[in-house]
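What follows is each chain in one-letter form.
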Amino acid sequence: MDCNIFQFCKCLKLLGRIMILIVLAFIGLSYYAVVWESYGPSIFEGSMQSRLGSFTAVFIFTFLIGMTLWSYFACVMTDPGKVPLGWHPFSSDEEADAQFSLASYGGQPAAVNGQRVRFCRKCKAWKPERAHHDSGTGRCVLRMDHYCIWVLNCVGLLNYKMFLLFLFWTFWACALASGLLINSFIRFFQSDADLNSARPAIVFIAFVVDAAFCLSLFGFLIMHARLVVNNCTTIEMFEKARGPPWPYTLGARRNFESVFGSRHWAWLLPMHSAAEKASMLDEALHEPYLQGPEMADLRGADPLSCEV
Ligand SMILES: [Zn+2]
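- As recorded in an unreviewed UniProt entry, the chain goes by S-acyltransferase and comes from Apatococcus fuscideae.

1. What about the coordination of the zinc ion?
Thinking step 1. Here the zinc ion is held by the protein donor atoms Cys120 (SG), Cys123 (SG), His133 (ND1) and Cys140 (SG), which lie 2.1 to 2.3 Å from it.
Thinking step 2. If you look at the zinc ion, its 4 donor atoms make angles of 99 to 128° with each other, and the shape they trace is tetrahedral.
Thinking step 3. Mapped onto the sequence, the residues coordinating the zinc ion show the spacing C-x2-C-x9-H-x6-C. Here cysteine 123 is found in the loop between β1 (118-120) and β2 (125-127), whereas its partner cysteine 140 is found in strand β4 (residues 139-141), with 17 residues between them in sequence.
Thinking step 4. Since its relative accessible area comes to 5%, cysteine 140 is described here as buried.

2. Observations concerning the packing of helix α3 (residues 48-77) against helix α5 (residues 160-187)
Thinking step 1. At a minimum axis separation of 8 Å, α3 and α5 run at an interaxial angle of 155°. Regarding the angle of α3 to α5, the classification is roughly antiparallel. As for how α3 packs across α5, the hand of that crossing is left-handed. Contacts between α3 and α5 pair Ala57, Ile60, Phe61, Phe63, Leu64, Ile65, Met67, Thr68, Ser71, Tyr72, Ala74 and Cys75 from the former with Met162, Phe163, Leu165, Phe166, Trp169, Thr170, Trp172, Ala173, Leu176, Ala177 and Leu180 from the latter.
Thinking step 2. Partitioned by chemical class, the residues of the contact of α3 with α5 number 20 nonpolar, 3 polar and no charged.

3. Quick notes on unusual backbone geometry
Thinking step 1. Phi at leucine 152 takes a positive value of approximately 55°, unusual for a residue other than glycine.
Thinking step 2. Here leucine 152 lies in the loop between β5 (146-148) and β6 (153-155).
Thinking step 3. At asparagine 231, a residue that is not glycine, the phi angle is positive and equals roughly 55°.
Thinking step 4. Judged by its relative accessible area of 4%, asparagine 231 is buried.

4. Overview of the UniProt feature "transmembrane region" (unreviewed entry) in the chain
Thinking step 1. UniProt's entry tags residues 14-34, 54-75, 163-189 and 201-222 with the feature "transmembrane region" (unreviewed entry), counted in the numbering of this structure.
Thinking step 2. Summarising residues 163-189: 93% helix, 0% strand, and an end-to-end C-alpha distance of 37 Å.
Thinking step 3. Between the end C-alpha atoms of residues 201-222 there is a gap of 32 Å, over a span that is 100% helix and 0% strand.

5. Let's talk about the layout of surface pockets
Thinking step 1. One number sums up the size of the second largest pocket: a volume of about 450 Å³.
Thinking step 2. Lining the second largest pocket are 21 residues, with Leu250, Arg254, Ser258, Met280 and Glu283 sitting closest to its centre.
Thinking step 3. Elements with a minimum of two residues in the lining of the second largest pocket: α8 (252-260) and α9 (274-285).
Thinking step 4. It is α9 that provides the largest number of residues to the lining of the second largest pocket, a total of 5 residues.
Thinking step 5. Considering only residue class, the lining of the second largest pocket consists of 7 nonpolar, 6 polar and 8 charged.

6. Focus on α9
Side chains three or four residues apart in an α-helix point the same way, a direct result of the helix having 3.6 residues per turn.
Thinking step 1. End to end, α9 covers 17 Å across 12 residues, agreeing with the expected 16 Å (1.5 Å per residue, within 8%).
Thinking step 2. Those residues of α9 that sit buried are Glu276, Met280, Ala284 and Leu285. Relative to the axis of α9, the buried residues are bounded by an arc of 155° and lie together on one face. The exposed residues of α9 that point more than 90 degrees off its buried face are Ala274 and Ala275.
Thinking step 3. Close packing links the buried residues of α9 with α8.

7. Observations concerning the packing of aromatic side chains
Thinking step 1. Going through the model one piece at a time under the given rule, you end up with 19 aromatic pairs.
Thinking step 2. Here the aromatic rings of phenylalanine 90 and tryptophan 126 are separated by 4.8 Å at their centres, their planes lie at 75°, and the arrangement is edge-to-face. With phenylalanine 90 in the loop between α3 and α4 (93-104) and tryptophan 126 in strand β2, this pair connects stretches of sequence that are 36 residues apart. Both residues of the pair, phenylalanine 90 and tryptophan 126, belong to the buried class.
Thinking step 3. Summarising the aromatic geometry, the rings of phenylalanine 256 and tryptophan 267 are spaced 4.9 Å apart at their centres and angled 80° between planes, so their arrangement reads as edge-to-face.

8. Digging into the pattern of salt bridges
Thinking step 1. Tallying each qualifying case throughout the model produces 4 salt bridges.
Thinking step 2. One salt bridge in this structure joins arginine 139 and aspartate 79, with 3.0 Å as the shortest N-O distance. Of this pair, arginine 139 sits in strand β4 while aspartate 79 sits in the loop between α3 and α4; the two residues are 60 residues apart in sequence, bridging distant segments of the chain.
Thinking step 3. The class for aspartate 79 is partly exposed, based on a relative accessible area of 32%.
Thinking step 4. Between arginine 263 and glutamate 276 there is a salt bridge whose closest N-O contact spans 3.3 Å.

9. Some points on helix α2 (residues 18-39)
Thinking step 1. Compared with the 32 Å implied by 1.5 Å per residue over 22 residues, the 30 Å span of α2 between its first and last C-alpha is a close match.
Thinking step 2. Buried residues of α2: Met19, Ile20, Val23, Ile27, Ser30, Ala33, Val34, Val35, Glu37 and Ser38, and no others.

10. Points about the side chain of histidine 224
Thinking step 1. Inspection of the secondary structure assignment puts histidine 224 in helix α6 (residues 198-229).
Thinking step 2. Looking at histidine 224, the relative accessible area reads 2%, which means it is buried.
Thinking step 3. Setting aside its immediate chain neighbours within four residues, histidine 224 contacts Asp145, Tyr160, Phe163, Leu164, Leu167 and Thr234.

Calculation notes
- Residues numbered from 1 in each chain as written.
- Predicted model: local features only at pLDDT ≥ 70, side-chain atom pairs only at ≥ 80, totals over all residues.
- Heavy atoms only, no water.
- Donors = N, O, S within 2.8 Å, 3.2 Å for Na, K, Ca; no water.
- Tetrahedral: all angles 85-135°; square planar, octahedral: opposite > 155°, others 65-115°.
- Helix = DSSP H or I, 4+ residues; strand = E, 2+ residues; numbered from the N terminus.
- Buried < 20%, exposed > 50% of the residue type's maximum accessible area, 1.4 Å probe, protein only.
- Axes fitted to C-alpha atoms, helices over the stretch in contact; angles between N-to-C directions.
- Parallel < 35°, antiparallel > 145°, perpendicular 65-115°, else oblique.
- Left-handed = near helix turned anticlockwise from the far one by under 90°.
- Contact = heavy atoms within 4.5 Å.
- Nonpolar A, V, L, I, M, F, W, Y, C, P; charged D, E, K, R; others polar.
- UniProt positions renumbered as here; feature names shortened; annotations may be inferred.
- 1 Å grid on protein atoms, 1.4 Å probe; cavity = no way out; pocket = protein on both sides within 12 Å on 5 of 7 lines; lining within 4 Å.
- Points joined across faces, edges and corners; volume = space filled by probe spheres on them.
- Expected span 1.5 Å × (residues − 1).
- Arc of directions from axis to C-beta.
- Phe/Tyr/Trp six-rings, centres within 6.5 Å; stacked < 30°, edge-to-face > 60°.
- Salt bridge = Lys/Arg side-chain N within 4 Å of Asp/Glu carboxyl O.

Written out as structure tokens, the structure is:
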């Protein structure tokens, strides 16, 4: 039986824009439990040391939630990077037109500089290396990683950084919330707990949700960290497992900068400068096609089956 996590994601896609409300509800629940119910009131009562501790907790948690929301909506609203209309890998428009009919009817177009070119039968257009057709948006996306139901967007060349920072800031927000709420969570099981109040239940649920997200995001972050330093996408990860050494890697630092940019101060901010975007698009459109007979299997395995 084919057990594919993407099949499960396809079911969640049916929820559509409700997913945004679900994400906001999770964030709201954590913020309510940490700030409104637990540490906010403590700012105005108790010793100075206690007040300072509560203020610091509220301040840092609010900062993390702010960064999480910024990264989330940046990822939702940023175009992942489409193949420009009329783009082709040939040296002239005439040659592209001549090859177009052949490719449209399933034929193999002529190679360019000895390298096979790629054609999307759904878009009826040429596509660069590492671009894949996204059935969610109905078009080819540059350096496509996957379609994410949580952000209601395809994650690709121009919003992969935003997606990773959404994971990063959410992880730290959940980790801090779990740490701040763990005493209340333990107190829930003690005999003197006031179970008639709604407060312990809300804090209990918030702790369980935050701890669960924290653990699952940790694994997800480790997986994506390995992909970034190897210059690999989630779709390509499945191809790479059955292929020869990965051809796109430029070294760990340059691989990292190809996603996060070269401006160190902006690495943790979910945005790209106009110059970065232009450079990323230029590189993605001129990515050399896989070469050599040993890559034939990978080229043949154009992952249309990975349209997620
Ligand atoms: Zn396409």
